[in-house]
Amino acid sequence: MTTWKRSRHLFASYRWGDERILFLQNSGETHYINPAATMVLEILAQQPTTLIDLSQQLSERGQVLPSEAVLEDLLDRFTALGLLEEC
Amino acid sequence: MKIAHLRKHALARALHHPHGVTIRTGPFRVQLRVSVQSLVNLIHQLWRDYPLVAEPGIIDCHLAVTRRPIHRRWPKPELRFLVDGQAPFPPFPLAHHFPMLEWGLNLCLARRANHLLMLHAAVVERHGQALLLPAWPGHGKSTLCAALIHSDWRLFSDEFGLVRPADGLLLPLPRPLPLKNASIDVIRAFAPQADLGPAFEGTHKGTVAHVRPPTESVQRMDEPARPRWLVFPRWVADSPLRLEPIVKPDAFLMVATNAFNYDILGQTAFELVGQIVDACDCYTLVYSDLREAMAALNDLTRSANA
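Summary of the structure given here. Here the residue index of a chain counts from 1 through its sequence in written order. Working convention: letters from A go to chains and numbers from 1 go to ligands, in the order in which they are written. Under the rules for a predicted model, residues below a pLDDT of 70 receive no local features and side-chain atom pairs below 80 are neither given nor counted, while totals for whole chains, interfaces and linings still include all residues. Excluded from the side-chain calculations are hydrogens and water; all other atoms, namely the structure's heavy atoms, are used.

### Considering the packing of aromatic side chains
Pairing of aromatic side chains requires ring centres within 6.5 Å, counting the rings of Phe and Tyr and the six-membered ring of Trp. Pairs whose planes differ by under 30 degrees are stacked, by over 60 edge-to-face, and all others tilted. This structure, assessed with the given rule, holds 12 aromatic pairs over all chains. Between Tyr-14 of chain A and Trp-16 of chain A, the aromatic rings sit 5.5 Å apart at their centres with planes inclined by 5 degrees, giving stacked as the arrangement. With respect to class, Tyr-14 of chain A is no different from Trp-16 of chain A; both count as buried. The interplanar angle of 35 degrees and the centroid separation of 5.0 Å between the aromatic rings of Phe-160 of chain B and Phe-260 of chain B together place this pair among those described as tilted. A residue pair is termed long-range when its members are at least 10 positions apart, and Phe-160 of chain B in strand 9 (residues 160-163) and Phe-260 of chain B in the loop between helix 7 (248-257) and helix 8 (262-265) qualify at 100 residues. Among the residues examined, Phe-260 of chain B registers a relative accessible area of 33% and is labelled partly exposed. Each residue is placed in one exposure class: buried if its accessible area under a 1.4 Å probe, protein chains only, is under 20% of its type's maximum, exposed if it is over 50%, and partly exposed if it falls in between. Secondary structure follows DSSP: runs of H or I at least 4 residues long count as helices, runs of E at least 2 residues long count as strands, and numbering of each begins at the N terminus.

Have a look at this one:
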């Protein structure tokens, strides 16, 4: 089962409320991160997590859960950006 | 000594000289050679308060405006704008000399001043606090800016929001404001005291007339200011006035995507834009009536100072 963790790539961020703007140092790109995605990043920054555990933690935090496919797409997207790594 | 201290014939002689004249505008030194008398007259009027630089130092832009030799294939008189002896764009008609000089200098600064973050925004200041008006072309920022600087606000720039990376302060670059088409008469009616140059018809942006930067703004062009308000204006015909707060992430993306050199400065630009958005109250402004827009901006900024 795939586990994701926060990448070693550095990024800078500003946070306003539940939303963040990230600057990725590996690519020089700037990205807007919505509240749900911000929560995903926070959970994965704490420890490597599987998709099932991630869904459970999002649910415990009161987040309306996207489908598993949408969540997996988000993780793939974050991985492609260099924010997350599979481990 | 400033340009206005020279008589026109003395300025013309100096601008004809192989070394031209060096002036300072905001943080930049610009060396200029000109061989067209009608352009000299307008420089004397619209750049009148810029200090002449005599002491040696680094020149940011070496510019020249010269007549293109008449050729049977180009029978109409044309002017070339040169930066370091190279023409960055095709010649302009002789009659469009001053717009060409202004656009050329803007282009030169936009390409070279990468030691500063350059936002595409009008900036004005009052009581040490700056109001930034980032906007796309045609959204009415120059019109608003021209009205504000004739209503107690100090001109920083109608085009370049210069941000100094060392401290995040905004630097003035008070330059002539190019009003386009209907906004020329709007400002003539709103601020009869504004010193406008002639209207240049048929440019690629329509009819253009320049407002001289107020003398006090040029005299105080070494005084920076802190950002306090971000207002994104948009002129929409017949629209009721709407001044609405926007969330800071949206403001961040609007400022960053509208900056001249955000991608070049990378993380430095990211951090500076973040600091500005953090420090500012952020709004969008849709307007059709200039006086209503001015009243709304005055209410907004006065209530913050109260």
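### Some points on the pairing of strand 6 (residues 117-126) of chain B
For a regular strand, side chains alternate in direction, first toward one face of the sheet and then toward the other. Residues and elements named next belong to chain B. Judged by how many residues are buried, strand 6 sits mostly within the fold: 10 of 10 residues are covered. DSSP calls a pair of strands paired once it identifies at least 2 bridges connecting them. With 4 bridges joining them, strand 6 and strand 9 adopt antiparallel strand pairing. In the sheet register, Leu-117 faces strand 9, and the bridge partner there is Val-163. In this structure, strand 6 lies alongside strand 7 (residues 129-134), joined through 6 bridges in antiparallel fashion. Across the sheet, Val-124 pairs through a bridge with Leu-131, a residue of strand 7. In sequence, strand 6 turns back onto strand 7 through a hairpin of 2 residues, with His-127 there showing a positive phi of about 55 degrees. Taken together, the 3 bridges between strand 6 and strand 8 (residues 154-157) define a ladder with antiparallel strand orientation. In the sheet register, Glu-125 faces strand 8, and the bridge partner there is Arg-154.

### Quick look at the interface of chain B and chain A
Here, two residues are considered to be in contact whenever any of their heavy atoms come within 4.5 Å of each other. At the interface, 14 residues of chain B touch 11 residues of chain A. Where chain B abuts chain A, roughly 1,100 Å² becomes buried across the two surfaces, and 74% of that area is made up of carbon and sulfur atoms. By convention, the term buried area covers the 1.4 Å-probe accessible surface removed from two parts as they join, with the contributions of both added. When the buried surface of chain B facing chain A is broken down by residue, Pro-249, Gln-267 and Phe-270 of chain B rank first, second and third, together holding 50% of it. We define a salt bridge as a contact between a side-chain nitrogen of Lys or Arg and a carboxyl oxygen of Asp or Glu at a distance within 4 Å. The interface formed by chain B and chain A includes 0 salt bridges. Identification of polar contacts relies on pairs of N or O atoms within 3.5 Å, with a donor-acceptor requirement for protein atoms, meaning one able to donate a hydrogen and the other able to accept it, and with residues adjacent in sequence counted only if both atoms are side-chain atoms. The tally of links between chain B and chain A comes to 5 residue pairs in polar contact (both at pLDDT 80 or more).

### Topic: unusual backbone geometry
Residue and element names in this part refer to chain B. Of note in the backbone geometry, His-127 takes a positive phi value of approximately 55 degrees without being a glycine. Among the secondary structure elements, His-127 is positioned in the loop between strand 6 and strand 7. The exposure class of His-127 is exposed, given its relative accessible area of 66%. Positioned with a positive phi, Asp-152 is a non-glycine residue whose angle comes to about 85 degrees. Note on Asp-152: relative accessible area 63%, which makes it exposed.

### Thoughts on the packing of helix 1 (residues 8-16) of chain B against helix 2 (residues 37-46) of chain B
Residue and element names in this part refer to chain B. In this analysis an axis means a line fitted to C-alpha atoms, helices contributing only their contacting stretch, and an angle means the value between N-to-C directions, from 0 to 180 degrees. For the pair helix 1 and helix 2, the least separation of the axes is 10 Å and the interaxial angle reads 115 degrees. Judged by the sense of rotation from one axis to the other, the crossing of helix 1 with helix 2 is right-handed. Side by side, helix 1 and helix 2 meet where Lys-8, Leu-11, Ala-12 and Leu-15 of the first sit next to Gln-37, Val-40, Asn-41, Ile-43 and His-44 of the second. Taken together, the residues of the contact of helix 1 with helix 2 break down into 5 nonpolar, 3 polar and 1 charged. We call a crossing left-handed when the near helix sits turned anticlockwise from the far one by less than a right angle, and right-handed when that turn is clockwise. Lys, Arg, Asp and Glu make up the charged group, whereas Ala, Val, Leu, Ile, Met, Phe, Trp, Tyr, Cys and Pro make up the nonpolar group; the residues left over, Gly among them, are polar.

### Details of the packing of helix 7 of chain B against helix 9 (residues 267-279) of chain B
All names here are of chain B. Between helix 7 and helix 9, the least distance of the axes is 10 Å, while the angle of their chain directions is 135 degrees. When the axes of helix 7 and helix 9 are compared, the pair comes out oblique. Seen from above, helix 7 lies across helix 9 with right-handed handedness. Of the residues in helix 9, those touching helix 7 at Lys-248, Ala-251, Phe-252, Val-255 and Ala-256 are Phe-270, Val-273, Gly-274, Val-277 and Asp-278. Of the residues belonging to the contact of helix 7 with helix 9, the class tally is 7 nonpolar, 1 polar and 2 charged. With respect to orientation, any angle under 35 degrees is reported as roughly parallel, any angle over 145 as roughly antiparallel, any angle of 65 to 115 as roughly perpendicular, and every other angle as oblique.

### Topic: helix 3 (residues 68-81) of chain A
Residues and elements named next belong to chain A. For helix 3, spanning 14 residues, the distance from its first C-alpha to its last is 20 Å, which sits close to the expected 20 Å at 1.5 Å a residue. Buried residues of helix 3: Leu-71, Leu-75, Phe-78 and Leu-81, and no others. For helix 3, the arc enclosing every buried residue in end-on projection is 125 degrees, short of the 170-degree limit, so these residues lie on one face. Exposed positions of helix 3 whose direction lies more than 90 degrees from the buried face are Ala-69, Asp-73 and Ala-80. Those residues of helix 3 hidden inside the fold are in contact with strand 1 (3-6), strand 3 (19-24), strand 4 (29-33), helix 1 (35-46), helix 2 (51-60) and strand 6 (84-86). Expected span of a helix, by definition, is 1.5 Å for each gap between consecutive residues, and there is one gap fewer than residues. Directions drawn from the helix axis to the C-beta atoms are what define this arc.

### Quick notes on the state of the cysteines
Residues and elements named next belong to chain B. Two cysteine sulfurs form what is called a disulfide whenever their separation falls within 2.5 Å. Within the structure shown, the criterion is met by 0 disulfides over all chains. The closest cysteine sulfur to the non-disulfide-bonded Cys-282 is located on Cys-280, 5.9 Å from its own sulfur. By relative accessible area, Cys-282 is classed as buried at 6%.

### What to know about the pattern of salt bridges
All names here are of chain A. If you walk through the whole model with that rule in mind, you get 20 salt bridges over all chains. The partner of Lys-5 in a salt bridge is Glu-85, and the shortest N-O contact between them spans 4.0 Å. On the criterion of sequence distance, the pair formed by Lys-5 in strand 1 and Glu-85 in strand 6 is long-range, its members being 80 residues apart. For Lys-5, a relative accessible area of 31% puts it in the partly exposed group. Take Glu-85: its relative accessible area is 16%, and that puts it in the buried class.

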